[in-house]
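Residues per chain are reported as follows:
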Amino acid sequence: MASIIEKLITPSFYSQKASGMMASAGNYYKPMFRSGSVTPLWHFMVVTSVVMYSSNYIFHKGHNIQASRNEKKIALEEYYEKHGHSGHH
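The structure displayed is predicted, hence computed values, not measured ones.

A. Examining the overall build of the protein chain more closely. Per the secondary structure count, the protein chain includes three helices and zero strands. Going from N to C terminus, the protein chain has its helices and strands arranged as α-α-α. Taken against the 2.2 N^0.38 rule, which gives 12 Å for 89 residues, the C-alpha radius of gyration of the protein chain at 25 Å runs more than 25% over that of a compact globule. Taken over the C-alpha atoms alone, the protein chain extends approximately 70 × 45 × 20 Å along its principal axes. Per-residue burial for the protein chain yields a buried fraction of 3% across its 89 residues. Total accessible area on the protein chain is roughly 8,300 Å²; 65% of this is exposed by carbon and sulfur atoms. Here the protein chain holds 9 positive side-chain charges and 5 negative ones, and the gap between their average locations is 22 Å.

Shown next as structure tokens:
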């Protein structure tokens, strides 16, 4: 158990994992680039889209959407308190 924690704390563990990932990615994509395949382009486009939309939601829209939902919830509670809550209309 202690050795796992030590691995997670040391930066060399992460640098070894990153260099291993880069080597395996290079071995995977290098033949595709040389043969002119479009697969690396599609992979790059998908990764870019996922990162872009995720970061946009996490850092911008997520907060605004939650604030808007909370504001609507409070407004509905006030409305129901003043006018009553009548089933499904």
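What follows picks up the thread again.
B. Structural detail: the packing of helix 2 (residues 11-35) against helix 3 (residues 39-83). Direction vectors running N to C along helix 2 and helix 3 enclose 125°, while the axes themselves pass 9 Å from each other. Between helix 2 and helix 3, the angle falls in the class oblique. Residues Tyr28, Tyr29, Met32 and Phe33 of helix 2 lie in contact with helix 3, whose contacting residues are Thr39, Pro40 and His43. For the contact of helix 2 with helix 3, the per-class residue count stands at five nonpolar, two polar and no charged.

C. Here's a closer look at a nonpolar patch on the surface. Taken together, the side chains of Met1, Ile4, Ile5, Leu8, Ile9 and Tyr14 make up a nonpolar region of the molecular surface, amounting to roughly 690 Å² of accessible area. Its location among the elements puts tyrosine 14 in helix 2.

D. Spatial organisation of the environment of alanine 75. With respect to the helices and strands, alanine 75 occurs in helix 3. Take alanine 75: its relative accessible area is 42%, and that puts it in the partly exposed class. With 46 residues separating them along the chain, alanine 75 and tyrosine 29 place their C-alpha atoms 54 Å apart.

E. A look at the confidence of the model for the protein chain. In the predicted model, the protein chain carries a mean pLDDT of 90, and the fraction of residues at 70 or more is 97%. Here helix 1 (residues 2-9) stands out as the least confident element of the protein chain, with mean pLDDT 85; helix 2 is the most confident, with 94.

Basis of the calculations
- Residues numbered from 1 in each chain as written.
- Predicted model: local features only at pLDDT ≥ 70, side-chain atom pairs only at ≥ 80, totals over all residues.
- Heavy atoms only, no water.
- Helix = DSSP H or I, 4+ residues; strand = E, 2+ residues; numbered from the N terminus.
- Rg over C-alpha atoms; globule rule 2.2 N^0.38 Å.
- Buried < 20%, exposed > 50% of the residue type's maximum accessible area, 1.4 Å probe, protein only.
- Areas by Shrake-Rupley, 256 points an atom, 1.4 Å probe, with all protein chains shown as cover.
- Lys, Arg positive; Asp, Glu negative; His and termini not counted.
- Charge placed at Lys NZ, Arg CZ, Asp CG, Glu CD.
- Axes fitted to C-alpha atoms, helices over the stretch in contact; angles between N-to-C directions.
- Parallel < 35°, antiparallel > 145°, perpendicular 65-115°, else oblique.
- Contact = heavy atoms within 4.5 Å.
- Nonpolar A, V, L, I, M, F, W, Y, C, P; charged D, E, K, R; others polar.
- Patch = residues over 30% accessible without salt bridge, like charges linked within 9 Å, V, L, I, M, F, W, Y side chains within 5 Å.
- Salt bridge = Lys/Arg side-chain N within 4 Å of Asp/Glu carboxyl O.
- pLDDT = per-residue confidence, 0-100.

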